[in-house]
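Here's the letter readout for the chains.
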Amino acid sequence: MLSFIATEIHKRFPTYLMLPEDVREPIAQEILRWFRFAAGRLERGYLFGKTFTVADPYLFQLARGAAELGFQLPEPLRDYIARIEERPAVQAALRREGLA
């Protein structure tokens, strides 16, 4: 899952951000395609069911950033972001980084 997130989602963001806004749409659709795929794995809470694993903070960070950029993420992913943001350690990290 870490490799999938790195190679299918994360790697597309530098290209997306470097392109002029008027030509970003194809890359945005690729990013959303893979977010939709990941969202399909969240039916039991996290990427691997009820267990929070090292892959979850990575997907969370990318999904949260995508939402801030205006990506219309699928509902399961929006719920996932909110659920992870409720974790005390995540709240502390976001405050420490000036993101909350």
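For clarity, every value in this text was computed on a predicted model and none was experimentally measured.

Draft legend 1. Representation of the overall build of the chain in the model. Scanning the chain from terminus to terminus reveals six helices and zero strands. Along the chain, helices (α) and strands (β) appear in the sequence α-α-α-α-α-α when read from the amino end. The C-alpha radius of gyration of the chain comes to 14 Å, within 12% of the 13 Å expected for a compact globule of 100 residues. Principal-axis analysis of the C-alpha atoms gives the chain an extent of 40 × 30 × 25 Å. Looking at the chain as a whole, 37% of its 100 residues qualify as buried.

Draft legend 2. Highlighting the packing of aromatic side chains. For the structure on display, the rule yields eight aromatic pairs. An angle of 65 degrees between the planes, with centres 6.5 Å apart, marks the rings of Tyr-46 and Tyr-80 as edge-to-face. Of this pair, Tyr-46 sits in the loop between helix 3 (25-39) and helix 4 (55-68) while Tyr-80 sits in helix 5 (residues 75-85); the two residues are 34 residues apart in sequence, bridging distant segments of the chain. A single burial state applies to Tyr-46 and to Tyr-80, both of which are buried. Here the aromatic cluster, defined as three or more aromatic residues joined through ring pairs, consists of Phe-13, Tyr-16, Phe-35 and Phe-71. Over the face of the ring belonging to Tyr-16 we find Arg-24, whose NZ or CZ atom lies 4.7 Å from the ring centre. Positioned above the aromatic ring of Phe-52, the side-chain terminus of Arg-87 is 3.7 Å from the ring centre.

Draft legend 3. Up close: the pattern of salt bridges. Evaluation of the coordinates by the stated rule reveals five salt bridges. Of the charged contacts, one joins Arg-78 and Glu-75 as a salt bridge, the two residues approaching to 2.2 Å between their closest N and O atoms. Here the residue Arg-78 and the residue Glu-75 both occupy positions in helix 5, the gap between them amounting to three residues, near one helical turn. Overall, the relative accessible area of 39% leaves Arg-78 in the partly exposed class. Judged by relative accessible area, which is 40%, Glu-75 ranks as partly exposed.

Draft legend 4. Molecular detail of the nonpolar core. Grouped together as the largest cluster of nonpolar side chains are 30 residues, with contacts concentrated most on Phe-35, Leu-59, Phe-71, Leu-73, Leu-77 and Tyr-80. Going through the elements one at a time, helix 1 (2-10), helix 2 (12-18), helix 3, helix 4, helix 5 and helix 6 (88-96) are the ones with two or more residues in this core. Per element, the largest residue contribution to this core is eight residues, and it comes from helix 3. The contacts of Phe-35, once residues within four sequence positions are left out, are Ile-9, Phe-13, Leu-59, Leu-62, Ala-63, Ala-66, Leu-73, Pro-74 and Leu-77.

Draft legend 5. Summary view of helix 4. Taking 1.5 Å of rise per residue, 14 residues should cover 20 Å, and helix 4 covers 20 Å from first to last C-alpha, within 8% of that figure. For helix 4, the set of buried residues is Ala-55, Asp-56, Leu-59, Phe-60, Leu-62, Ala-63, Arg-64 and Ala-66. Residues of helix 4 that are buried in the fold lie against helix 1, helix 2, helix 3, helix 5 and helix 6. Remark: Gly-70 follows helix 4 within two positions and exhibits a positive phi of approximately 100 degrees.

Cut-off values and rules
- Residues numbered from 1 in each chain as written.
- Predicted model: local features only at pLDDT ≥ 70, side-chain atom pairs only at ≥ 80, totals over all residues.
- Heavy atoms only, no water.
- Helix = DSSP H or I, 4+ residues; strand = E, 2+ residues; numbered from the N terminus.
- Rg over C-alpha atoms; globule rule 2.2 N^0.38 Å.
- Buried < 20%, exposed > 50% of the residue type's maximum accessible area, 1.4 Å probe, protein only.
- Phe/Tyr/Trp six-rings, centres within 6.5 Å; stacked < 30°, edge-to-face > 60°.
- Lys NZ or Arg CZ within 6 Å of the ring centre and 35° of its normal.
- Salt bridge = Lys/Arg side-chain N within 4 Å of Asp/Glu carboxyl O.
- Core = buried A, V, L, I, M, F, W, Y, C linked by side-chain atoms within 4.5 Å.
- Contact = heavy atoms within 4.5 Å.
- Expected span 1.5 Å × (residues − 1).

Any link to function would need more than the numbers given here.
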